[in-house]
Amino acid sequence: MRNGIAVSALSEFVNEIKNDPREAIAKYGVELNWQSGTRSRVTALPMSVGPHTVSRDFTWEIDEPRQLLGCNHAPNPQEYLLSGVGACILVGFAVGASVMEIQLESLKVTVRGQLDLAGFLDINPESPVPFTELDYCIEVAGDGTPEQFEKLRQTALQQSPNAMTIMKGAAVDGELIINRHV
């Protein structure tokens, strides 16, 4: 155990995946229910890792600040998106450091992005709707060398599912179900 990471368990999991690639498939989901205004309540759905179902009994709220017509009761969707990218990079960095037998003293990831709300509000067709760039900063202290920490930074980014989804894009498919209340 290093940095709170069970490195031997990771090694066992890697071997399981090598023996049966189906073990590597993780499926996630969330359900959002509108509360009022811009506020929604999110519930994590059960996930699966390989053939195993994992209960995820978590709920959280999403809201917008008053300037964006919300009540400022919870982080907004963009803050959750940025936190998901940052947390994924942080996990990769911490696990990588543990595998490399580097003891961390502290680790902080900051992620920032800028939106042009004229795109979201359909005011200016030239304004992009998405973030066009995300900037991140990793602050670390530990017994690794600068070269090891740089390698960890690069690897954490390249192996971050969330960062790679943003960088490479993912198809977003949807459907609409209309429930008629009589």
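As a reminder, the structure under discussion sits directly above these lines.
What you see is a predicted model; the values in this text were computed from it and never measured.

Caption draft 1: Looking closely at the state of the cysteines. Under the defined criterion, the tally for this structure stands at zero disulfides. Counting only cysteine sulfurs, Cys-137 is the nearest neighbor of Cys-88, a cysteine outside any disulfide, at a range of 18 Å. Given a relative accessible area of 17%, Cys-88 falls into the buried group.

Caption draft 2: Expanded view of helix H4 (residues 146–158). If you check H4, its first and last C-alpha atoms are 18 Å apart, about what 13 residues at 1.5 Å a residue would give, namely 18 Å. Turning to H4, the residues buried within the fold contact helix H2 (77–99), strand E7 (104–113), strand E8 (134–142) and helix H5 (161–168).

Caption draft 3: Structural context of the packing of H2 against H4. H4 packs onto H2 with a crossing angle of 135 degrees between their chain directions and a minimal axis gap of 8 Å. When the interaxial angle is binned, H2 and H4 end up oblique. For H2 against H4, the interelement crossing comes out right-handed. Side by side, H2 and H4 meet where Ile-89, Gly-92, Phe-93, Gly-96 and Ala-97 of the first sit next to Phe-149, Leu-152, Arg-153, Ala-156 and Leu-157 of the second. Its residues assigned to classes, the contact of H2 with H4 shows seven nonpolar, two polar and one charged.

Caption draft 4: Molecular detail of the sheet that holds strand E1 (residues 26–27). In spatial order, the strands read E1-E4-E5; together these three strands make up an open sheet with antiparallel pairing. Strand pairing shows two members of the sheet lacking a second neighbour, E1 and strand E5 (52–54), which therefore form its edges. When strand E4 (residues 47–49) meets E5, the two strands line up antiparallel, connected through three bridges. Within E5, the position partnered with Met-47 by the bridge is Val-54.

Caption draft 5: Just the sheet that holds strand E6 (residues 59–62), in detail. One open sheet accounts for three strands, arranged E2-E3-E6; its pairing is antiparallel. Every other strand in the sheet has two partners, leaving strand E2 (30–36) and E6 as the edge strands with one partner each. Taking each pair of neighbouring strands and ignoring which way they run, the sheet shows an average axis angle of 25 degrees.

Caption draft 6: Summary view of the side chain of Asp-63. On the secondary structure map, Asp-63 appears in the loop between E6 and H2. Of the polar contacts made by the side chain of Asp-63, one reaches the side chain of Thr-38; its length is 2.5 Å. Polar contacts involving the side chain of Asp-63 include one to the main-chain amide nitrogen of Cys-71, which spans 3.1 Å. Setting aside anything within four residues of it in sequence, one finds Asp-63 in contact with Thr-38, Arg-39, Gly-70, Cys-71, Asn-72, His-73, Ala-74, Pro-75, Asn-76 and Pro-77.

Caption draft 7: The arrangement of the side chain of Asn-76 in detail. As for its position among the elements, Asn-76 is in the loop between E6 and H2. Asn-76 gets classed as buried once you look at its relative accessible area, which sits at 10%. At 3.3 Å, the side chain of Asn-76 forms a polar contact with the side chain of Glu-64.

Caption draft 8: Up close: the packing of H2 against H5. Interaxial distance between H2 and H5 falls to 7 Å at its minimum, and their mutual angle equals 125 degrees. Here H2 is positioned oblique relative to H5, judged by the angle of their axes. Contacts between H2 and H5 involve Leu-81, Gly-84, Val-85, Cys-88 and Ile-89 from the former and Pro-161, Asn-162, Ala-163 and Ile-166 from the latter.

Conventions used here
Sequence order as written defines residue numbering, which begins from 1 separately in each chain. Residues qualify for local features only when their pLDDT is at least 70, as the model is predicted, and side-chain atom pairs are given and counted only at 80 or more; totals for whole chains, interfaces and linings, by contrast, use all residues. In computing side-chain values, all of the structure's heavy atoms are included and hydrogens and water are not. Pairs of cysteine sulfur atoms within 2.5 Å are identified as disulfides in what follows. Relative accessibility under 20% of the residue-type maximum defines a buried residue, over 50% an exposed one, and the middle range a partly exposed one, all with a 1.4 Å probe and only protein chains included. Put simply, DSSP H or I for four residues or longer makes a helix, DSSP E for two residues or longer makes a strand, and each gets a number counted from the N terminus. Between the first and last residue of a helix there are one fewer steps than residues, each counted as 1.5 Å, and that sum is the expected span. Note on contacts: a residue pair qualifies if any of its non-hydrogen atoms lie within 4.5 Å across the two residues. Every angle, taken between N-to-C directions, lies between 0 and 180 degrees, and every axis is a line fitted to C-alpha atoms, over only the stretch in contact when it is a helix. Angles are sorted into four bins: roughly parallel if under 35 degrees, roughly antiparallel if over 145, roughly perpendicular if 65 to 115, and oblique for all others. Left-handed is the label given to a crossing in which the near helix is rotated counterclockwise from the far helix by less than a right angle, and right-handed is the label when the rotation is clockwise. In the scheme used here, Gly and all other residues not listed as nonpolar or charged are polar, with Ala, Val, Leu, Ile, Met, Phe, Trp, Tyr, Cys and Pro taken as nonpolar and Asp, Glu, Lys and Arg as charged. Pairing between two strands requires that DSSP report at least two bridges joining them. Polar contact is the term for a pair of N or O atoms within 3.5 Å; when the atoms are in protein, one must be able to donate a hydrogen and the other to accept it, and sequence-neighboring residues count only if both atoms are side-chain atoms.

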